[in-house]
Structure formats: C-alpha cells, structure tokens
Amino acid sequence: MPIIDAHHHFWQLSKPAPFDYAWLAKPEHAAIHRDFLPEDLKPKIDAVGVTHTVFVQTQHHPEENRWVLRLADENPWIVGVVGWVDLQSPAVTEQILDCKRHPKFVGVRHITQDEPDDSFIVRPEVLRGLKALEKQQVPFDLLFFVKHLKHAATVARAVPELPLVIDHLAKPKIKLQSFDDWLPQFRAAAKCENIVCKLSGMVTEADWKSWRPADLQPYVDHALEQFGPERLMFGSDWPVSELAGSYERVFRALEECLSKLSADERDAIYYRTAKRFYGLK
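First things first, this report covers the structure right here in the doc. None of these values were measured; they are calculated from a predicted model.

**Description of empty space enclosed by the protein**
Evaluated as defined, the whole model comprises one cavity of 30 Å³ or more. Estimates place the volume of the largest cavity at around 100 Å³. The element that contributes the greatest number of residues to the lining of the largest cavity is helix α8 (residues 247–257), accounting for three residues. Looking at the lining of the largest cavity residue by residue, the classes come out as eight nonpolar, three polar and no charged.

**As for the packing of aromatic side chains**
The final tally for this structure, using the stated rule, is 16 aromatic pairs. Ring geometry for F10 and F55: centres 5.9 Å apart, planes at 15°, overall stacked. Here F10, found in the loop between β1 (4–8) and α1 (38–48), pairs with F55, found in strand β2 (residues 52–56); they are 45 residues apart in sequence, far enough to count as distant. Take F10 and F55: they sit in the same class, and that class is buried. Considering the side-chain rings of F10 and W238, the 6.4 Å spacing of their centres and the 80° angle between planes classify their relative orientation as edge-to-face. In this pair, F10 sits in the loop between β1 and α1 while W238 sits in the loop between β8 (232–234) and α8, placing the two residues 228 residues apart along the sequence. Exposure class is identical for F10 and W238. Each is buried.

**Considering the pattern of salt bridges**
Side-chain pairs of opposite charge can arise where the charged atoms are in close proximity. Taken as a whole and assessed by the stated rule, the structure comprises 18 salt bridges. Of the charged contacts in the structure, one is a salt bridge between E63 and R66, with a shortest N-O distance of 3.0 Å. Remark: R66 and E63 occur in helix α2 (residues 62–74); sequence separation between them is three residues, near one turn of the helix. Its relative accessible area of 41% is what places R66 among the partly exposed residues.

Rules used throughout
Residues numbered from 1 in each chain as written. Predicted model: local features only at pLDDT ≥ 70, side-chain atom pairs only at ≥ 80, totals over all residues. Heavy atoms only, no water. 1 Å grid on protein atoms, 1.4 Å probe; cavity = no way out; pocket = protein on both sides within 12 Å on 5 of 7 lines; lining within 4 Å. Points joined across faces, edges and corners; volume = space filled by probe spheres on them. Helix = DSSP H or I, 4+ residues; strand = E, 2+ residues; numbered from the N terminus. Nonpolar A, V, L, I, M, F, W, Y, C, P; charged D, E, K, R; others polar. Phe/Tyr/Trp six-rings, centres within 6.5 Å; stacked < 30°, edge-to-face > 60°. Buried < 20%, exposed > 50% of the residue type's maximum accessible area, 1.4 Å probe, protein only. Salt bridge = Lys/Arg side-chain N within 4 Å of Asp/Glu carboxyl O.

Geometry only, nothing functional implied.
Encoded structure:
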C-alpha cells in the first residue's frame, strides 16, 4: 500500500540563506538545531514503509520555494511542496502563477500561529489573497493554535471552493488532556466541506518525555468522528516531531490509534486524502 507523509520540513542551518531560523535557537529546541535534509529523512520513511512525502513551508520567503523544489527534483519520492506566497501583496496572483509553473508545487501555507494579530487570517487583504488561491485552485494549510480555530469556518465560507487543511488538529492541549476550548470549534470547522485535517503534530502537544499512544487516542477519535477517514491525512511533522520521539515511534503511535479501522479507511488516511487534496501526480 502506498503511504504519503503529507507534512514534513527541511532546513539547512549550515549554509547562509535569507531565512529566519531563530526559533530553533531556543534551548528547548536544541535537539533539532541542526540540518535536516532529504538524506536524513529517506532512511526513516523507508524503515516504516512511507513511499511519498509532501514538504511544508517554514519560511515567509519565496527562496525557500525554489530551494525545496530543487530538492524535490532531485528526490522523486518528494511528490509535493507546500510553499509560501505573500497573501497581502497586490502581486499575489503573479506569485501563485510563478509557483504553479513547477508541477510539484501543490499548496501554500502561512505561519498564522505566529502572527501578532489573532485575526490575521480574516483580514480583508488576507482574504483577498486566499480568493486568489481559490481562483487558481491552490490548496491552503491552516496553521492554527486553538485560539485561531474559531476562524476556520469563517475562512471556509469566504472561499468555499478553496481546499483548506487544518494542520496538527489546530494544536489541542494534549498534555493537559483538554477538550473544552478546542472541540466545539473543531466540530464547527468539520461542518465545512472544503476543510480537511492532518493527523500530525500531536506528539509535540503531548508531554515530550512521557507521552503514550493512549494520550493521542481521544483526539484521533474526535477527528475520525468529525471528519471521517476520507477527510483526514497522515503527517509526521518531522523533524519537529523529533523533540518528542523518533520518526518510527510517531508513525507506530498513529498506527496504534487507527488499528480498529478497516484497510480501506486506513488507505484513505495514509494515501487517498492527501493525493486528492494536493492533486499529487
């Protein structure tokens, strides 16, 4: 069975580039404060049977698009690149069309969670940029904290033909086993047919040192109940996930959480949803 890891990153600190990796210098991120490149990921995906991957942006800079698309050209198993365009720019359509010239450019993300304005994603100028994505049918990743999740349904209604995906379940407080501030808005988002969700990034919202698959299970169960397998996809969030566990441990934990599903339901989560959503060739 083909398996797509629909959410991972690369970065290269050892070469000068117009990128901002300051967040990696924090003491709590010491374990991932180094280069992570395709040659680091390939043995890990081979070990668990992942056959294809999708890179997701880390930078608000078009040079990262160009850099990773070159890596994708060199590594056929990288089948998609979710990059960045300036949603607020008057030239956003031109930026999108330029990116679309590469067949492996499959989506756009903005690091909304780090914006000082919690309502950034519903600003009129940002919605204009999202409407440009909608017109060009370029999917958009919603990188939210729980406090931003209330905007998901608003965005979905503003751009009803734009495929949207919630990264990392909007980062519920798994370490605290908290649901009250997350679940109502998660349910509201799931009612929008153009929104899907990634089963990703959960281990770093749990206790990094002592998490177990059982800690993730109720969040996976809520995602299954609200979205169903056909609107869920697997993502490792590697190498950020290395803060809490190895690639294999993260992969096996989700396998355990999904163990009661049929083979067809698992195929949707591990392959079909990502292939359809990102239009992967």
